[in-house]
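Listed below, chain by chain, are the residues.
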Amino acid sequence: MGLELDFSVVLDRWRSLLDGATLTLQLAFIAVVCGGIIGVFGAIGRRGGNPLVERLCGAYVEGIRNTPLLVQIFLVYFGLSSLGLKFSAFTVAAVALTINVGAYTTEIMRAGFDSIVKGQIEAAEGLGLSKAQIYWHVIIWPGIERVYPALTSQFVLLMLASSVTSQISAEELTAVANYIQSETYRSFETYIVVALIYVALSFVMRFGFWLLSLALFPRRRRLGTPL
Amino acid sequence: MGGSLNINHLLFLGHGALWTIGLSVIALVGGGLAGFLVALGRVSPSRTLRLLAATYVQLIQGTPLLVIMFLSFFGLAAIGFNISPLAAAGASMTIFVAAYLGEIWRGCIEAVPRPQWEAAEGLALSRSQRMVKVILPQAIRIATPPTVGFMVQIVKNTSLASVVGFVELTRSGQIINNSMFEPFLIYSIIAVVYFSLCYPLSRLSRRLERTALQKKPALA
Amino acid sequence: MNVSTAQSASPSPAATAPVVAMRGVHKSFGPLKVLDGVSFEVARGEVTVLIGRSGSGKSTALRCIDRFETIDGGEIEVCGRRVDDDKLDLRALRLDVGIVFQSYNLFPHLTIEENITLAPHAVKRVPKDEARALAAKVLKQVGLEDKLHAYPEQLSGGQQQRAAIARSLAMQPKVMLFDEVTSALDPELTGEVLKVIEALAADGMTMVMVTHEMGFARGIADQVVFMHKGKVHEAGPADILSSPSTPELAQFVGTGL
């Protein structure tokens, strides 16, 4: 049989696709912000010197990094409902993605914080800065700057991985695609279009993180210091 | 298979776990071979090949594996190519792994110190001789820890084959759950099985990385 | 510039009491004894220079004053405060003591001005614009008034070290510690840093410094402490460098190191 591709029935649904893409970016945004905060505290916990906290943070990181996101999503979904808690699919998806990316971010941030040399910390101590102030001014921000490319890649991977939340019926881009293909019987065209939208979203995200780096790291903006 | 969790359920899960391993091996071998070509393409002297390989990597690394799975199972079927879930999952994993491993290996090839390339050129070796005899043996040493690390990603990502109906570990869990409805228990068991497959690989990767760091001066 | 609110809370010792006093200080790193009963005092407005071979314990002694190292025995008193006390108010100690390191340790992601205003603002709660005025003042003192908005990497090593001194000065310490501050610098850049330190000494700043610059030590020191094998082997006015009474110091001075 001949190959007859018809993209128009898919492209006619651009409104649904746009809604799905927006939800995908929303999920990614929430997970990146919350996961980023978890990452900072997780990394501090893993370095902090308290053996119990170190072990707990370590178990969290290893547990998440060595199990599939799909299974984590099911565990959060069914775990919450077995506790009698009812949340929307979007909330469950956001929680699961946050827990997931928080573990990866913890590991990346730890590498960044560990890269700050002792002299920097001693200089800050010598100036009388408190432990929290030293973390904020001398370890966290310069540390994040060091690992910014790795963080960006991880966050893009997270955005792509959010497609898995379609399996618990979060109405993001992949779920929209599943719906469109079941209505149009144009699976091939649908998934090609959606794949390209994801590629575009990846570029948008990378560009966004590049812009953000200019705002976050003024030295980089002024001197062009490579990340 | 209804009722409470029994030995048959566990056997069924074990069977699924074997297919998870099987699909991982297929993905590693297929993706490894294709990834090797991608890596060579990325460092090729031909502009066209470099561009082609780079475009491939950009496209695949910008697309979720889940969408690739759907595309190769439902998409191909819709345009007349009916393939089995195993073939669809294997092909998707291969395509996916090739892009990531190709990019990791390109980095390793480029990490071989510059003087080695120049020394090989000075010996009047042909380009392919230089690659095979000088560069690749060193690149393989550099590539081992990150490749083992990426195997963890491969094993975890095979779980997505469940969505096209391939009965690996996650899918077998879903099937059992359909008759028992103990989702939290079953997915916890599945998570533990994945963990026991992946954690040793993670540990091994880290150990290799540490020894590689200690041996680094010998490489330079 | 009136920013001394934090300092006024600290106990004010009698004018004659030493600013820094070490009494029989012992310190080991594992099996290695680095300080073996070290005692010396630093009077207000005086410059004390610690000299000795590498491994003699001079840098460790200096770092103990600011509690970068804890000690195993003996007493250290700084500005009337027992540094060896477990309940020491570390922040108050570090407000009184400024320290400058061999490797400058400027914060690379901050401009020189931000490097200087960070601690006055964060620790002493000096308002931002007051802190900026302070930064301009101390940078002028070290001759870098035009580098306010530069980043550390844009400065030469000598300039970075002067900026680091300015950063310390901005906290208005009662005593300043210098830990081999010219050792990482090319010879032609050490002069500009030493000149800044000389000017501080002339202003009456109390200082303790570890240095390898013998000529400089001779010119600036009110007291020279020669350390050898973890002990104060010989101490006295700068004259002891010209006429040492122990063979070890004679040999040390003789080697020119």
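Residues numbered from 1 in each chain as written. Chains lettered and ligands numbered in written order. Predicted model: local features only at pLDDT ≥ 70, side-chain atom pairs only at ≥ 80, totals over all residues.

**Student:** Please explain the overall build of chain B as it appears in this structure.
**Tutor:** Scanning chain B from terminus to terminus reveals eight helices and zero strands. Reading the secondary structure of chain B in the N-to-C direction produces α-α-α-α-α-α-α-α. With respect to the principal axes defined by its C-alpha atoms, chain B has extents near 70 × 45 × 25 Å. Counting every position in chain B, which comprises 220 residues, the buried fraction comes to 40%. (Helix = DSSP H or I, 4+ residues; strand = E, 2+ residues; numbered from the N terminus. Buried ≥ 20, exposed ≤ 12 C-beta atoms within 10 Å, placed from the backbone.)

**Student:** Could you clarify how one ought to interpret the arrangement of the chains in this entry?
**Tutor:** Among the two pairs of chains that make contact, the interface with the largest number of contacts is formed by chains A and B. These two, chain B and chain C, are apart from each other, with no contact and a minimum C-alpha gap of 25 Å. (Contact = placed C-beta atoms within 7 Å.)

**Student:** I keep staring at helix α8 (residues 148–161) of chain A and nothing clicks. Help me out?
**Tutor:** One turn of the α-helix equals 3.6 residues, which is why residues spaced by three or four share an orientation. Residue and element names in this part refer to chain A. Across its 14 residues, α8 extends 20 Å between first and last C-alpha, which sits within 8% of the 20 Å expected from 1.5 Å per residue. The set of residues buried in α8 consists of Tyr148, Leu151, Phe155, Val156, Leu158, Met159, Leu160 and Ala161. Its buried side turned inward, α8 meets α2 (14–47), α4 (69–82), α5 (89–114), α7 (131–146) and α10 (187–216). (Expected span 1.5 Å × (residues − 1).)

**Student:** Just checking my understanding: could you explain the packing of α2 of chain A against α5 of chain A for this structure?
**Tutor:** Two numbers describe a pair of packed helices, the interaxial angle and the distance between the axes. Residues and elements named next belong to chain A. With their axes 6 Å apart at the nearest point, α2 and α5 run at an angle of 45° to one another. The angle between the axes of α2 and α5 places the two elements in the oblique class. Handedness of the α2/α5 crossing: right-handed. In terms of residue class, the contact of α2 with α5 is made up of 14 nonpolar, eight polar and four charged. (Axes fitted to C-alpha atoms, helices over the stretch in contact; angles between N-to-C directions. Parallel < 35°, antiparallel > 145°, perpendicular 65-115°, else oblique. Left-handed = near helix turned anticlockwise from the far one by under 90°. Nonpolar A, V, L, I, M, F, W, Y, C, P; charged D, E, K, R; others polar.)

**Student:** I would appreciate a short explanation of the nonpolar core in the present structure.
**Tutor:** One recurring pattern in soluble globular proteins is that nonpolar side chains are buried together. With 200 residues, the main nonpolar core has Met69 of chain B together with Leu50, Ile65, Ala166 and Val208 of chain C as its most contacted residues. Here the element with the most residues in this core is helix α4 (residues 85–111) of chain B; it accounts for 14 residues. Sequence-distant contacts of Leu50 of chain C, that is, excluding residues within four places in its chain, are made with Lys58, Ala61, Leu62, Val208, Met209, Val210, Val225 and Met227 of chain C. (Core = buried A, V, L, I, M, F, W, Y, C linked by C-beta atoms within 7 Å.)

**Student:** Before we go on, may I ask you to explain the pairing of strand β10 (residues 231–236) of chain C in this structure?
**Tutor:** Working note: regular strand, side chains alternate between the two faces of the sheet. All names here are of chain C. Sheet analysis places strand β9 (residues 223–228) next to β10, joined by five bridges and oriented antiparallel. Looking at the pairing, Val224 lines up with Gly236 of β10. A loop of two residues connects β9 with β10, the two strands running antiparallel in sequence, and Lys229 in this loop sits at a positive phi of about 50°. (Pairing = 2+ DSSP bridges.)

**Student:** Which parts of the structure should I look at to understand the sheet that holds strand β1 (residues 20–29) of chain C?
**Tutor:** Strand pairing within a sheet occurs via backbone hydrogen bonds; the two strands may be parallel or antiparallel. Residue and element names in this part refer to chain C. What the four strands build is an open sheet, ordered β2-β1-β4-β5; its pairing is antiparallel. At either end of the open sheet lies a strand with only one pairing partner, and these are β2 (32–42) and β5 (81–82). Summarising the sheet, β1 and strand β4 (residues 73–78) pair through five bridges and their orientation is antiparallel. Along β4, the bridge assignment pairs Met22 with Ile76. Against the sheet, helix α2 (residues 58–65) contacts β1, β2 and β4, and its axis sits at roughly 120° relative to β1.

**Student:** What is the right way to look at the interface of chain B and chain A in this model?
**Tutor:** With 31 residues of chain B in contact, the opposing surface of chain A contributes 33 residues. Elements represented by at least two residues in the side of chain B that touches chain A include exactly α3 (65–78), α6 (127–157) and α8 (183–219) of chain B. In terms of residue count, the dominant contributor to the side of chain B that touches chain A is α8 of chain B (11 residues). When grouped by side-chain class, the residues that make up the side of chain B that touches chain A number 22 nonpolar, eight polar and one charged.

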